[in-house]
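# Structural description and commentary
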Amino acid sequence: MSCVKDIKIEHKKEIERIIRVDHAGELGAINIYKSQLLISKYLYKDIVPELNEMLTHEKEHFETFDNLLKKRSTRTCYALWFWAFGGFLLGLLTALMGRNAIWVCTNAIETTVLHHLTWQLSYLNEHDKEAYDAVYSIKSDEEAHQSIGATRGSNTFMYKPIFFIVKTSTKVAIWLSTKL
Ligand SMILES: [Fe+2]
Ligand SMILES: [Fe+2]
């Protein structure tokens, strides 16, 4: 492990991409929960406290990566608006499909995110202790979100397409953001 100034140039670019994508992803997550809350406040009041708690986590995660980008004078993702708008739209559509779709959406996103975090952590553990700590700090919250989504939502036959679509779009958004 090394401090920031000792990081080799070839790793520096990859590490910047990792922090940038995570920062953008957290903005997406914030907007998903915001739009799901907008609908849930009227239609599914019982799940509002859980959604609010997860929104609080995502705001903290966003701050963690935002502070790290600022500290390192690293630019944000060019597609930040896409994450914000896409997240809001995804949250809105799933909420309109019902409370089960909200949980299936959470499960699908966090499954993809956790897979991604595992790779990031193994890479950062070798090359950047500070960025490793930042990514590691969000892991237990994301695991808890995935578990809530998996427990509260039933991923039955008619919900499998929602799971698949959300999982695939999250993967595409992550991939696209590593280019932007
Ligand atoms: Fe998060
Ligand atoms: Fe999350």
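Located above this text is the structure these notes cover.
We now turn to the structure provided with this report. (Residues numbered from 1 in each chain as written. Chains lettered and ligands numbered in written order. Predicted model: local features only at pLDDT ≥ 70, side-chain atom pairs only at ≥ 80, totals over all residues. Heavy atoms only, no water.)

This brings us to the coordination of the iron ion (ligand 1). For the iron ion (ligand 1), the full set of protein donor atoms is Glu-26 (OE), Glu-26 (OE), Glu-58 (OE), His-61 (ND1) and Glu-142 (OE), at a range of 1.9 to 2.6 Å. Taken as a pair, the iron ion (ligand 1) and the iron ion (ligand 2) show a spacing of 3.7 Å, with Glu-58 coordinating each metal. Within this pair, whereas Glu-26 is found in helix H1 (residues 9–43), its partner Glu-58 is found in helix H2 (residues 48–71), the two being separated by 32 residues in sequence. In this structure, Glu-26 and Glu-58 share a single accessibility class: buried. (Donors = N, O, S within 2.8 Å, 3.2 Å for Na, K, Ca; no water. Helix = DSSP H or I, 4+ residues; strand = E, 2+ residues; numbered from the N terminus. Buried < 20%, exposed > 50% of the residue type's maximum accessible area, 1.4 Å probe, protein only.)

Once that is clear, we can look at the pattern of salt bridges. Pairing of side chains with opposite charge becomes possible as their charged atoms draw close. Scanning the model with the defined rule gives 10 salt bridges in all. Between Glu-130 and Arg-72 there is a salt bridge; the shortest N-O distance is 2.7 Å. Here Glu-130 is found in helix H5 (residues 129–152), whereas its partner Arg-72 is found in the loop between H2 and helix H3 (80–96), with 58 residues between them in sequence. The exposure class of Glu-130 is partly exposed, given its relative accessible area of 25%. With a closest N to O distance of 3.3 Å, Glu-143 and Lys-139 form a salt bridge. Of this pair, Glu-143 and Lys-139 both sit in helix H5, four residues apart, roughly one helical turn. (Salt bridge = Lys/Arg side-chain N within 4 Å of Asp/Glu carboxyl O.)

The subject of this paragraph is the packing of helix H4 (residues 99–127) against H5. Packing of H4 against H5 leaves a shortest axis separation of 8 Å and a crossing angle of 155°. With respect to their mutual orientation, H4 and H5 come out roughly antiparallel. Regarding H4 and H5, the two cross each other, and that crossing is left-handed. The residue inventory of the contact of H4 with H5, partitioned by class, reads 13 nonpolar, 10 polar and six charged. (Axes fitted to C-alpha atoms, helices over the stretch in contact; angles between N-to-C directions. Parallel < 35°, antiparallel > 145°, perpendicular 65-115°, else oblique. Left-handed = near helix turned anticlockwise from the far one by under 90°. Nonpolar A, V, L, I, M, F, W, Y, C, P; charged D, E, K, R; others polar.)

Function cannot be inferred from these measures alone, as they are strictly geometric.
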